[in-house]
Structures are given as structure tokens and as C-alpha cells.
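Coordinate inspection notes
Residues per chain are reported as follows:
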Amino acid sequence: MEIVMLFVIPLIAAAAILLPLFINLKRVKDAKPFNRKRTVLTNVISFIGVMIVMTILPLTGAFAEGTEAVAAVANDGFAEGMKYLAAALSTGAATIGTGIAVGSAAPAAIGAVSENDKAFTKALIFVALGEGVAIYGLLISILILFG
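What you see is a predicted model; the values in this text were computed from it and never measured.

**Digging into the packing of aromatic side chains**
Taken as a whole, this structure holds zero aromatic pairs when the rule is applied. Above the ring of Tyr84, the side-chain terminus of Lys83 is found at 5.7 Å from the ring centroid.

Spelled out as C-alpha cells, the structure:
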């Protein structure tokens, strides 16, 4: 069981992390057209695989020894890991939302300013509102980590 804990499971996680990189590099090398949906799907599947492996990893170590003390320490480590995962997800999801919002608002703001110079302030406010979502996600992460 120790061999699995030390070598096999981290290798599976590393393979799941590096697999999308190699797939996308091979597509670029073969000069195949860029497919955004395929790239995002590959990255999402890789992320889910890594999360499953990293969630199972502490549980296998907790029950390998069979003692209550080791299980208690592993449960504390599991809770700590979930805290970091929650902080990462809140920041990541907020940042993705910000990218979508700014990606829609910024071109519209540029178009409005090119037609009317007086619309600059209003356009800037709408772009800044989209960026505020990322700040809220970061604040939630800070509250999760240090609260």
C-alpha cells in the first residue's frame, strides 16, 4: 500500500495534469485547426480527474493504518484540503465570470466611445462592474482561508 501511496497515485495525478498539454501540443504540431470546445473539454476532464485522485489520496492514507489517531489527523487534513479547494473554486469561478463579462462589455464600450466621446465614463463603469466580480471572489477566498 505504501508503494501505491508514494508513487502510483501521484503519477496518475501528474499524468492527468500533463495529458491536456500533450494533446494540445500534438494538435498544434500536426497543424490541425484550433478547436476551442475540444480544448476546454480536455482541460475540464483533466481537472475533474485530478480532483478525484486528490480527494481519494488522503482517504487511502487514513485507513491504511487502521488507528483512530491517524484517521483523525487525516480528517483534519481532508478538511484543510477542502478549505483550499473551496477558496480556489470561488476565485476561479469569479474570474471566469469576470472574463465573460469583460469580454462582452469591453468591445461594446470601445464601440460606444468611438461613436461618442462623451460615453467614455459610462462605458468605463460597465467594464469596471464586470471586474468587480473577480474582487468579490477573491474576498470570499480570503474569508475562507483566514476566517
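Having seen the structure, we can now continue with the description.
**Quick look at the pattern of salt bridges**
One side chain can pair with another of opposite charge once the charged atoms of both are near each other. Per the stated rule, a full pass over the model turns up one salt bridge. In this structure, Glu80 engages Lys83 in a salt bridge whose closest nitrogen and oxygen atoms are separated by 3.4 Å. You can see Glu80 and its partner Lys83 sitting in helix H3 (residues 68–115), three residues apart, about one turn around the helix. Judged by its relative accessible area of 32%, Glu80 falls in the partly exposed class. Look at Lys83 and you get partly exposed, because its relative accessible area is 25%.

**Some points on the side chain of Thr98**
For Thr98, the location among the structural elements is in helix H3. The residues contacting Thr98, other than those within four sequence positions of it, are Gly103, Gly130, Glu131, Val133 and Ala134.

**Observations concerning a nonpolar patch on the surface**
On the surface, Val40, Val44, Phe47, Ile48, Ile52, Ile56 and Leu89 cluster together into a nonpolar patch covering about 600 Å² of accessible area. Counting residues per element, the nonpolar patch draws most heavily on helix H2 (residues 36–65), which supplies six residues. By the element assignment, Val44 lies in helix H2. The partly exposed category is assigned to Val44, whose relative accessible area is 40%.

**Some points on the side chain of Ser141**
Within the secondary structure, Ser141 sits in helix H4 (residues 120–146). Among the polar contacts made by the side chain of Ser141, one reaches the main-chain carbonyl oxygen of Ala87 at a distance of 2.7 Å. Setting aside its immediate chain neighbours within four residues, Ser141 contacts Ala87, Ser90 and Thr91.

**Description of H4**
Here H4 is 27 residues long and its end C-alpha atoms lie 39 Å apart, about the 39 Å a rise of 1.5 Å per residue gives. Every buried residue of H4 is listed here: Ala123, Val127, Gly130, Gly132, Gly137 and Ser141.

**Thoughts on the confidence of the model for the protein**
Per-chain confidence: the protein averages 78 in pLDDT, with 82% of residues scoring 70 or above. The secondary-structure element of the protein with the lowest mean pLDDT is H2, recorded at 70, while H4 shows the highest, at 90.

**Quick notes on the environment of Ser114**
Position of Ser114 relative to the elements: it lies in helix H3. A polar side-chain atom of Ser114 sits 2.7 Å from the main-chain carbonyl oxygen of Gly111.

Conventions we followed
- Residues numbered from 1 in each chain as written.
- Predicted model: local features only at pLDDT ≥ 70, side-chain atom pairs only at ≥ 80, totals over all residues.
- Heavy atoms only, no water.
- Phe/Tyr/Trp six-rings, centres within 6.5 Å; stacked < 30°, edge-to-face > 60°.
- Lys NZ or Arg CZ within 6 Å of the ring centre and 35° of its normal.
- Salt bridge = Lys/Arg side-chain N within 4 Å of Asp/Glu carboxyl O.
- Helix = DSSP H or I, 4+ residues; strand = E, 2+ residues; numbered from the N terminus.
- Buried < 20%, exposed > 50% of the residue type's maximum accessible area, 1.4 Å probe, protein only.
- Contact = heavy atoms within 4.5 Å.
- Patch = residues over 30% accessible without salt bridge, like charges linked within 9 Å, V, L, I, M, F, W, Y side chains within 5 Å.
- Areas by Shrake-Rupley, 256 points an atom, 1.4 Å probe, with all protein chains shown as cover.
- Polar contact = N/O pair within 3.5 Å; in protein donor to acceptor, adjacent residues only side chain to side chain.
- Expected span 1.5 Å × (residues − 1).
- pLDDT = per-residue confidence, 0-100.

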